[in-house]
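The primary structure of each chain is shown beneath.
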Amino acid sequence: MHFNFEGLVSIRELDVVLGALVKLLANEGLDEVSCLTISFEGWRGQSRCQIVDGDGFIKTIRIDASTIDERTRLAFPDTLHVRNRPHDLEFNPIAVMLGRDD
């Protein structure tokens, strides 16, 4: 299943959008999902952000969903951080393949 939510959503409204998706799936009789991937472009003001390691390589955070409950507070590992994507970085497929851009 693929869902594509277009447009900007504020962080404060993200739970509303995801809640609506949960209700839709429940109304269709689904009781579990697997292989959940959340892909988005994060923004700080006018700057697009990326998750990178200390060497500036783009990284994906992998989380075992079975370990999460209502008390869980997620945190970035010490080896990763969110950076503003450099303004002078032009799209280059080779940079994407090498993990230097997304």
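Just so we're clear, the structure is a prediction, and the values are computed from it rather than from any experiment.

(A) Inspection of the side chain of Gln50 at higher detail. Within the secondary structure layout, Gln50 lies in strand β2 (residues 47-53). Here Arg83 takes part through its side chain, which lies 2.8 Å from a polar atom of the side chain of Gln50. Engagement of the side chain of Gln50 in a polar contact is seen with the side chain of Asp102, the distance being 2.9 Å. Apart from residues lying up to four places away in sequence, Gln50 is in contact with Ile58, His81, Val82, Arg83, Arg85, Pro86, Asp101 and Asp102.

(B) Expanded view of a nonpolar patch on the surface. There is a patch of nonpolar side chains on the surface, built from Ile61, Ile63, Ile68, Leu74 and Phe76 and spanning about 440 Å² of accessible area. As for its placement among the helices and strands, Ile61 is situated in the loop between β2 and β3 (80-84). Assessed through its relative accessible area of 31%, Ile61 is described here as partly exposed.

(C) Spotlight on the packing of aromatic side chains. Summed over all chains, the structure comprises one aromatic pair. When the centroid spacing of 6.5 Å and the interplanar angle of 15° are considered together, the rings of Phe3 and Phe5 count as stacked. Phe5 gets classed as partly exposed once you look at its relative accessible area, which sits at 46%.

(D) Structural view of the pattern of salt bridges. Per the counting criterion, the structure on display carries three salt bridges. We note a salt bridge from Asp102 to Arg48, for which the minimum N-O separation is 2.9 Å. Of this pair, Asp102 sits in the segment after α2 (93-97) while Arg48 is found in strand β2, placing the two residues 54 residues apart along the sequence. Residue classification places Arg48 among the buried positions, given a relative accessible area of 15%. For the salt bridge of Arg71 with Asp69, the shortest nitrogen-to-oxygen distance reads 2.7 Å. For Arg71, a relative accessible area of 66% corresponds to the exposed category.

Each value, and the rule that gives it
Residues numbered from 1 in each chain as written. Predicted model: local features only at pLDDT ≥ 70, side-chain atom pairs only at ≥ 80, totals over all residues. Heavy atoms only, no water. Helix = DSSP H or I, 4+ residues; strand = E, 2+ residues; numbered from the N terminus. Polar contact = N/O pair within 3.5 Å; in protein donor to acceptor, adjacent residues only side chain to side chain. Contact = heavy atoms within 4.5 Å. Patch = residues over 30% accessible without salt bridge, like charges linked within 9 Å, V, L, I, M, F, W, Y side chains within 5 Å. Areas by Shrake-Rupley, 256 points an atom, 1.4 Å probe, with all protein chains shown as cover. Salt bridge = Lys/Arg side-chain N within 4 Å of Asp/Glu carboxyl O. Buried < 20%, exposed > 50% of the residue type's maximum accessible area, 1.4 Å probe, protein only. Phe/Tyr/Trp six-rings, centres within 6.5 Å; stacked < 30°, edge-to-face > 60°.

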